[in-house]
Amino acid sequence: MIEIKNISKNFKNNQALKNVSFSVNNGEIIGLLGENGAGKSTLLRIISTILLPSEGSAEINGYDILKSPKEVRKNIGILFGGESGLYERLTARENLEFFAKLNGMSNKESGERIKYLINKFSFAGYADKRVNTFSKGMKQKVAISRAIVHNPSVMLLDEPDSGLDFKASKTIFDFMEECKKEGKTIIFSSHSMENIKNYSDRTIVLHKGEIIKVFKISQYREKYSEKEINNMLFNLVCDGDENV
Amino acid sequence: MFKQALIIFFKELKCIMRDLKTFFVGILIPFFLVPSILFIIGGGKAEQYSPKVINIAVSNKDNSFYKFMSAQDDIAIIETNNPEKFLDSGEISSYVIIDEHLDEKIIKNEPFALDIKYNEFSVNSSISYSLVSGYEEAYREIFQKYSFERIEDLEQVGEMKINLGEQIDSGLIDFGSVFFVMFVPMMLITYSCVGTSTTAADLGAGEKERGTLEPLLATGVERSAVVLGKLLATTFMGVLSSMSTVVGFLIYLIISSARSVLNNFNIMSFGALLVAAILISVFFAAINLTISIYAKSYKEAQTYSMFIVLLAMFPSVFTLMMETSRINFSYLCLPVLNIICIIKEILSNSFNLLHFNVVVGLNVLYVFLLYLVMFKLFKKENIIFRV
């Protein structure tokens, strides 16, 4: 369960987020849509306690991000956008083991969980190779595994489909669906409208730091064709046109 | 917190050891470079600077000092009309200008002049100067102990033999030791700083640049543990660098027969030198890591660290020729300079436990204060995310 309450964030002369409020239920997947610089990554960083909000607050499973950041971090797993954030001189398995240890997992627990993730995301063939030899797609699979190695109940995934081919991307989103069924809360951002449309229960559109639309794609599918929906989403994301 | 810091420490070590560049720069280069540099500067074995006979010239011969010097086995007086030229060419090592009325003044118990000239730019000449001035002192002491009433009595002085030359062989001019005491502190300081700067830049600014810091901070780990783990790893590399420098010194000591140092160098001195090396490594690790945490990029961190290396050279150069007797309490309070002082004391066999304890205590305090600064910086998002 995530409760975002009037979050604003200022960076020097730039207001990255303006009064952002929404909530996400257990077993729900939220898709974040927005241009580069719309505030998606900043929002996810604030929820994960990496950045502090200038105003407002948020609660993760009842823990306030300002008052109990440590508890919040135990409950979340975050994949950051951009660089994979993996240690290149370590192997994929060593990366996962390191983060499992930092999250307080025992060797037995982490061993089982890592084995599960390696099989789930199909990287057994290169699990014991150093990350600096990996392609972007390979790194992305390991980075996602790293983010959720401690089996968190809240998953924040910033562009999980970045650099992945169609098959790998589907594997990731199928996995998210499984997690949803287990009651986990998921927020993900993506530049792929298809993935947002196909996998999110609700979509939040951010434009210049503000939420301009929250909707369920199913309500449009009854009235409009896919092409029309794509055009509407395009106008929303790029021009902030709320009259959709 | 300590458990988390250790997890980070061991991870960092694994990453560092897998980077050949760091391994070469931090460990192998000082191991080979230090003895090589000392050999180049010190000219290798000490014995080659210990000539059996020193050539000198004198301004006039008709006096007791000429006779006294002629009587010495390790002094040869060369005839020349142009002593300056001979000094420059190295044909003589010293030129003694003797008071024209030396013997008369001695008899009258009046002060007399003996002016020794030597070539300041020649190592051999500088060494010879100390021997010749030793003879001059010995000559003057004779007249403090005995009085002579007639010039004829001064003939006895010309027959006095003083075996100052033997002291050359027993280590008076032990150049290996001289260079060792002069340059070891400077090289240890330089290498501790260089050895920690690469690692610190990688673990602080490098981690920001690679985007690995955010996932790390998003775990349950405390930021103080992250800082401590990184400080331990940087210090470890600094200690390895310093240790390989110390081992390089030992190789030089043994090969160069730097007897003065070698004879007085025991397990305790080695242990004290090692503690000093660790102290300086921890200090530079803390300084370089603080800079690295502040820096936007790896390159920026390295630029700042180069400045620190240059800054660290100042106290090294300042104390290059310093005698340990000149060490005062204010020197012991200044970071870097204080460690140079205790290294010099250890190497010159004038170890002072009080000085050592003061320096250890103060450095622990400095590192703790730097740790607090690092921790403060690490909590500021505008610092750690200002890539």
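Residues numbered from 1 in each chain as written. Chains lettered and ligands numbered in written order. Predicted model: local features only at pLDDT ≥ 70, side-chain atom pairs only at ≥ 80, totals over all residues.

Looking only at helices and strands, chain A features nine helices and ten strands. Radius of gyration (C-alpha) of chain A: 18 Å, near the 18 Å computed for a compact globule of 244 residues. Taken along the three principal axes of its C-alpha coordinates, chain A extends 50 × 40 × 35 Å. Counting across all 244 residues of chain A, residues that qualify as buried make up 47%. Taking the contacts inside chain A whose residues are at least 6 apart along the sequence as the reference set, 68% of them involve residues at least 24 apart. (Helix = DSSP H or I, 4+ residues; strand = E, 2+ residues; numbered from the N terminus. Rg over C-alpha atoms; globule rule 2.2 N^0.38 Å. Buried ≥ 20, exposed ≤ 12 C-beta atoms within 10 Å, placed from the backbone. Contact = placed C-beta atoms within 7 Å.)

If you tally the helices and strands in chain B, you get 17 helices and four strands. Residues classed as buried in chain B amount to 43% of the 387 residues present. Expressed as a percentage of contacts within chain B between residues at least 6 apart in sequence, the contacts between residues at least 24 apart total 79%.

The next subject is the packing of helix H15 (residues 337-347) of chain B against helix H16 (residues 353-379) of chain B. Residues and elements named next belong to chain B. Orientation of H15 relative to H16, taken along the N-to-C sense of each, is 150°, at an axis distance of 10 Å. Classified by the interaxial angle, the pair formed by H15 and H16 is roughly antiparallel. Seen from above, H15 lies across H16 with left-handed handedness. Along the contact surface, H15 presents Asn338, Ile339, Cys341, Ile342 and Glu345, while H16 presents His355, Phe356, Val359 and Leu362. Among the residues forming the contact of H15 with H16, the class breakdown is six nonpolar, two polar and one charged. (Axes fitted to C-alpha atoms, helices over the stretch in contact; angles between N-to-C directions. Parallel < 35°, antiparallel > 145°, perpendicular 65-115°, else oblique. Left-handed = near helix turned anticlockwise from the far one by under 90°. Nonpolar A, V, L, I, M, F, W, Y, C, P; charged D, E, K, R; others polar.)

By domain assignment, chain B separates into domain 1 (2-45 + 174-384) and domain 2 (51-172). The distance between the C-alpha centroids of domain 1 of chain B and domain 2 of chain B comes to 47 Å. (Domains from an automatic or database assignment.)

A separate point is the pairing of strand E6 (residues 76-79) of chain A. Residues and elements named next belong to chain A. Of the two faces of E6, the one carrying Ile76 and Ile78 and the one carrying Gly77 and Leu79 are both buried. In the sheet, E6 pairs with strand E7 (residues 154-158) via four bridges, with the strands oriented parallel. Bridge pairing in E7 links Leu79 to Leu157. (Pairing = 2+ DSSP bridges.)

In a beta sheet, neighbouring strands pair by backbone hydrogen bonds and run either parallel or antiparallel. Residues and elements named next belong to chain B. Reading across from one edge, E2-E1-E3-E4 is the order of the four strands in this open sheet, with mixed pairing throughout. Single-partner strands in this sheet number two, and they are strand E2 (75-77) and strand E4 (114-118). On average, each strand axis in the sheet is inclined to that of its neighbour by 30°, with strand direction left out of account. When strand E1 (residues 54-58) meets strand E3 (residues 94-98), the two strands line up parallel, connected through three bridges. When the bridges of E3 are listed, Ile56 appears paired with Ser94. With respect to the sheet, helix H6 (residues 123-145) is in contact with E1, E3 and E4, its orientation differing from that of E4 by roughly 165°.

It is worth spelling out the interface of chain B and chain A at this point. With 18 residues of chain B at the contact, the number on the chain A side is 22 residues. Every element with two or more residues in the side of chain B that touches chain A is listed here: helix H1 (2-17) and helix H9 (213-217) of chain B. Here the side of chain B that touches chain A is composed, by residue class, of six nonpolar, five polar and seven charged.

We now examine the environment of Ala57 of chain B. As for its position among the elements, Ala57 of chain B is in strand E1. If sequence neighbours within four positions are ignored, Ala57 of chain B has contacts with Ile77, Ile78, Thr80, Pro83, Phe86, Ile92 and Tyr95 of chain B.

Now for the sheet that holds strand E1 (residues 2-11) of chain A. What the four strands build is an open sheet, ordered E2-E1-E4-E5 (chain A); its pairing is antiparallel. The open sheet terminates on both sides in strands that have one partner only, identified here as strand E2 (14-24) and strand E5 (63-64) of chain A.

We now examine the packing of helix H12 (residues 267-294) of chain B against H15 of chain B. Residue and element names in this part refer to chain B. The geometry of H12 relative to H15 is characterised by a closest axis approach of 10 Å and an angle of 165° between their N-to-C directions. As far as their axial angle goes, H15 and H12 are roughly antiparallel. The crossing of H12 and H15 is left-handed. In this structure, H12 uses Ser269, Ala272, Leu273, Ala276, Leu279 and Ile280 to contact H15, whose residues at the interface are Ile339, Ile342, Ile343 and Ile346. Split into classes, the residues belonging to the contact of H12 with H15 amount to nine nonpolar, one polar and no charged.

Below, the discussion takes up the pairing of strand E10 (residues 210-215) of chain A. All names here are of chain A. Pairing geometry for strand E9 (residues 202-207) and E10, over five bridges, is antiparallel. Among the inter-strand pairings, Ile204 is bridged to a residue of E10, identified as Val214. A loop of two residues connects E9 with E10, the two strands running antiparallel in sequence, and Lys208 in this loop sits at a positive phi of about 50°.

Our focus in this paragraph is helix H5 (residues 136-147) of chain A. Three or four residues apart is the spacing at which side chains of an α-helix point the same way, because the helix has 3.6 residues per turn. A rise of 1.5 Å per residue sets the reference length of H5 of chain A, with its twelve residues, at 16 Å; its end C-alpha atoms lie 16 Å apart and thus fit the reference within 8%. Extensive coverage of H5 of chain A is indicated by the burial of ten of its twelve residues. Structurally, H5 of chain A contributes buried residues whose contacts are with E6, helix H3 (92-102), helix H4 (107-120) and helix H6 (166-181) of chain A together with H9 of chain B. (Expected span 1.5 Å × (residues − 1).)

Here we take up the environment of Ile127 of chain B. Structurally, Ile127 of chain B can be placed in helix H6. Measuring from C-alpha to C-alpha, the distance between Ile127 of chain B and Ser147 of chain B comes to 32 Å, with 20 residues separating the pair along the chain.

Compared with the 33 Å implied by 1.5 Å per residue over 23 residues, the 34 Å span of H6 of chain B between its first and last C-alpha is a close match. Buried residues of H6 of chain B: Ser125, Ile127, Ser128, Tyr129, Leu131, Val132 and Tyr135 of chain B, and no others.

With that settled, the discussion passes to the confidence of the model for chain B. Of the residues in chain B, 89% have a pLDDT of 70 or more, and the chain-wide mean is 82. When pLDDT is averaged over each element of chain B, E3 of chain B comes out on top at 93 and helix H7 (residues 164-172) of chain B at the bottom at 54. (pLDDT = per-residue confidence, 0-100.)

Turning to unusual backbone geometry, a few remarks are in order. Residues and elements named next belong to chain A. Backbone geometry places Asn61, a non-glycine residue, at a positive phi of 50°. Mapped onto the elements of the fold, Asn61 is located in the loop between strand E4 (55-60) and E5. In this structure Asn61 comes out as partly exposed when scored by C-beta crowding, with 17 C-beta atoms within 10 Å. The backbone of Asn151 sits at a positive phi, close to 55°, despite the residue not being glycine. Residue placement: Asn151 occurs in the loop between H5 and E7.

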